[in-house]
Amino acid sequence: MDYFDPHIHMVSRTTDDYEILAKMGCVGMSEPAFWAGFDRGSVDSFRDYFHQLTDFEPQRAAQYGIQHFTWLCINAKEAENVELSREVIAMIPEFLDRPNVLGIGEIGLNKNTKNESTIFLEHMELAIQYNQQILIHTPHLEDKYQGTRMILDMLTADSRIDPTRVLVDHVEEHTAAEVLDRGFWAGMTLYPITKCTPQRAVDIIEMCGGERLLVNSAGDWGPSKPTAVPDLILEMRRREHSEDLIRKVVYDNPLEFFSQSENFNFQPRD
Amino acid sequence: MSIPMNSQQVLDREYLEIRGKILEVAASLDRLERAAGDVAQDPRMTLIQQGLQIALQSNDAQGDSRAKQIQLLFSREYADSWRKEFEL
C-alpha cells in the first residue's frame, strides 16, 4: 500500500533508509525542522539547515521516487534562546516560497516555559502573516498533558487561527480526543519509549475514529524506526480493519491536510 | 468505531504478549528489590504502584480508559492560569 509519512527527520537518516522506505510503499513525506541534538549558535546555522531541507533532501528523496516536503521554524528546545529565535523567525520568509515548503513547524513546547511560549506565539504570528499552515510538536512524557493544553490555549485564543490548517503532533491517549474535539488535526508518532507504539496508535484510532488523524514515524537520530508506519499498517490488518480505513489514515488524511498548502504539488502514482 | 475482532479473538491473540509484559514489569520490580539501597520513598515508586492499581481496575466513572488514566497519573498538572503567571 502506498503511504505518506507526515513527520520524519530524514536529515538524520542514511540514503539506505530512503531505499527501504520506498520499497515499503512510502511515496511522500514531510520533514519538520527540529533540534539537531545540540543547540546551534547562529542564525546562519539555521539558514544552512533550511537549504538542506529545501534543496538537498528533496533531491535525495526523489532518487527513490519519494516526494519530500518540509516545514520551517526554530524548535522548542532552542526557543529558550529568545534572541536567536527572533533572528531565525525573521529569516524564515527567505525560504517560504521554496517549492517544497508547506508551512511553519514543528513549533511547540518542550518544558512548557515562558520563553518557549513567547516564541510559540511569535511563530504563530509569522504563520498568520504569511498564511502558512502550522505543524506542532507537543512535549514528551510528564510534560505532554500540560504542554498540549497550553498550546491549545494559545491557538484557540487567536480567532485568526483556522484549526483545520493546524496539525498537533505526538498525541497520545490523554491528548488525542481534546485536540480532535477542538477541530485540529492530530498526529500520532510511533516511537519507542517516549511516544506511542503501533498497537496503542491503533487503539486510539479505534476509540477516536479515523477523521483528521495522521500517523508518522518521526524517524530521527534517536532510537526511532523510520518504517514504523508500515508497522501500523500491519497491526491494523492483523486486527482485521478495512483497507479503506488503513488507506485513509496513512495516505488520504495526510494528502487532505497538506493539500491546504499552496506548495503541496504532490503527484500520486498512476 | 467498532473493533472487527471480538474479545475472545483479542485474548487469543494477545494472551502471550500480555503475559510477557507482566513478567517484564515483575522482573523489573525484582531487580529493584535485589539492588543495594532503598527506593521505597522515591515518589516514582508510588507512581509505579498507582499505575499498577489502575491497570487492574475498569474504566473510571468518566469512562476514561486505563491507558488514559495512567497517562494522566504520570503527567504534570495543568492550570489554566498559566498565561497570567507568565504574563503572556
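Residues numbered from 1 in each chain as written. Chains lettered and ligands numbered in written order. Predicted model: local features only at pLDDT ≥ 70, side-chain atom pairs only at ≥ 80, totals over all residues. Heavy atoms only, no water.

K.L.:
I'm lost on the domain arrangement of chain B in this one. Help?
P.N.:
By a frequent convention, interface size equals the accessible area lost on bringing the separate parts together. Residues and elements named next belong to chain B. According to the domain assignment, chain B contains domain 1 (1-37) and domain 2 (38-75). Spacing between the C-alpha centres of domain 1 and domain 2 amounts to 15 Å. If you look at the interface, domain 1 gives five residues, while domain 2 gives five residues. Both sides together, the interface formed by domain 1 and domain 2 hides about 330 Å², and carbon and sulfur atoms give 84% of it. Of all residues in domain 1, Leu29, Leu32 and Gly37 bury the most surface against domain 2, accounting for 86% of the area lost on that side. Remark: the boundary between domain 1 and domain 2 carries zero salt bridges. Summed over the shared surface of domain 1 and domain 2, the number is zero residue pairs in polar contact (both at pLDDT 80 or more). Of the residues that constitute the side of domain 1 that touches domain 2, the class distribution is four nonpolar, one polar and no charged. (Domains from an automatic or database assignment. Contact = heavy atoms within 4.5 Å. Buried area = accessible area lost by both parts, 1.4 Å probe. Salt bridge = Lys/Arg side-chain N within 4 Å of Asp/Glu carboxyl O. Polar contact = N/O pair within 3.5 Å; in protein donor to acceptor, adjacent residues only side chain to side chain. Nonpolar A, V, L, I, M, F, W, Y, C, P; charged D, E, K, R; others polar.)

K.L.:
Sorry, what's going on with the interface of chain A and chain B here?
P.N.:
Each partner contributes residues to the interface: chain A has 30 residues there, and chain B has 22 residues. Connecting chain A to chain B are two salt bridges. Residues A:Glu235 and B:Arg13 are paired through a salt bridge, measuring 2.8 Å at the closest nitrogen-oxygen approach. On the surface where chain A and chain B come into contact, there are 10 residue pairs in polar contact (both at pLDDT 80 or more). Every element with two or more residues in the side of chain A that touches chain B is listed here: helix H4 (114-129), helix H5 (144-156), helix H7 (198-208) and helix H8 (228-238) of chain A. No other element matches the six residues that H5(A) contributes to the side of chain A that touches chain B. For the side of chain A that touches chain B, the per-class residue count stands at seven nonpolar, nine polar and 14 charged. (Helix = DSSP H or I, 4+ residues; strand = E, 2+ residues; numbered from the N terminus.)

K.L.:
Quick question: what am I supposed to make of the pairing of strand S2 (residues 26-32) of chain A here?
P.N.:
Taken residue by residue, a regular strand's side chains alternate between the two faces of the sheet. All names here are of chain A. Where burial is concerned, most of S2 is hidden: seven out of the seven residues are buried. Bridge count between strand S1 (residues 3-5) and S2: three bridges; the pairing is parallel. For aspartate 5, the partnering residue across the bridge sits in S2 and is methionine 29. In terms of handedness, the path from S1 via helix H1 (residues 15-23) over to S2 forms a crossover that is right-handed. Inspection of the sheet shows S2 paired to strand S3 (residues 67-72) by five bridges, in the parallel sense. Of the residues in S3, the one forming a bridge with glutamate 31 is threonine 70. With respect to chirality, the unit in which S2 leads through helix H2 (residues 43-62) into the neighbouring parallel S3 is right-handed. (Buried < 20%, exposed > 50% of the residue type's maximum accessible area, 1.4 Å probe, protein only. Pairing = 2+ DSSP bridges. Right-handed = clockwise from strand over helix to strand, strands pointing away.)

K.L.:
Where do I start with the nonpolar core in this structure?
P.N.:
Soluble globular proteins tend to pack their nonpolar side chains together in the buried interior. Residues and elements named next belong to chain A. Ranked by internal contacts, the top residues of the largest apolar core, which has 90 residues, are Phe50, Val88, Ile136, Leu155, Leu232 and Val250. No other element matches helix H9 (residues 243-258), which puts eight residues into this core. Phenylalanine 50 has contacts with Ala33, Leu72, Cys73, Val88, Met91, Ile92 and Phe95, leaving out every residue within four places of it along the chain. (Core = buried A, V, L, I, M, F, W, Y, C linked by side-chain atoms within 4.5 Å.)

K.L.:
Explanation requested: the environment of B:Gln49 in the structure shown.
P.N.:
Assignment of secondary structure puts B:Gln49 in helix H2 (residues 43-56). Spatially, the C-alpha atoms of B:Gln49 and B:Arg13 are 27 Å apart, while their sequence positions differ by 36 residues.

K.L.:
In this structure, what is going on with the side chain of A:Glu172? I would like to understand it.
P.N.:
By secondary structure assignment, the location of A:Glu172 is in the loop between strand S6 (166-168) and helix H6 (176-181). In terms of polar contacts, A:Glu172 uses its side chain to reach the side chain of A:Arg200, at 3.4 Å. Dropping the residues within four chain positions of it, A:Glu172 is found in contact with A:Lys144, A:Thr194, A:Lys195, A:Cys196, A:Arg200, A:Ile204 and B:Gln71.

K.L.:
I keep staring at the packing of aromatic side chains and nothing clicks. Help me out?
P.N.:
Aromatic ring pairs are defined here through the distance separating the ring centres and the angle between the ring planes. Residue and element names in this part refer to chain A. A full pass over the atoms with the stated rule returns 18 aromatic pairs over all chains. Relative to phenylalanine 264, the ring of phenylalanine 69 lies with its centre 4.8 Å away and its plane at 45°, an arrangement referred to as tilted. Here phenylalanine 69 is found in strand S3, whereas its partner phenylalanine 264 is found in the segment after H9, with 195 residues between them in sequence. Using a relative accessible area of 2% as the deciding quantity, one classes phenylalanine 69 as buried. Sitting over the ring of phenylalanine 46, arginine 40 keeps its end group 4.3 Å from the ring centre. Looking at arginine 40, its charged tip hangs above the ring of tyrosine 49, at a distance of 4.8 Å from the centre. (Phe/Tyr/Trp six-rings, centres within 6.5 Å; stacked < 30°, edge-to-face > 60°. Lys NZ or Arg CZ within 6 Å of the ring centre and 35° of its normal.)

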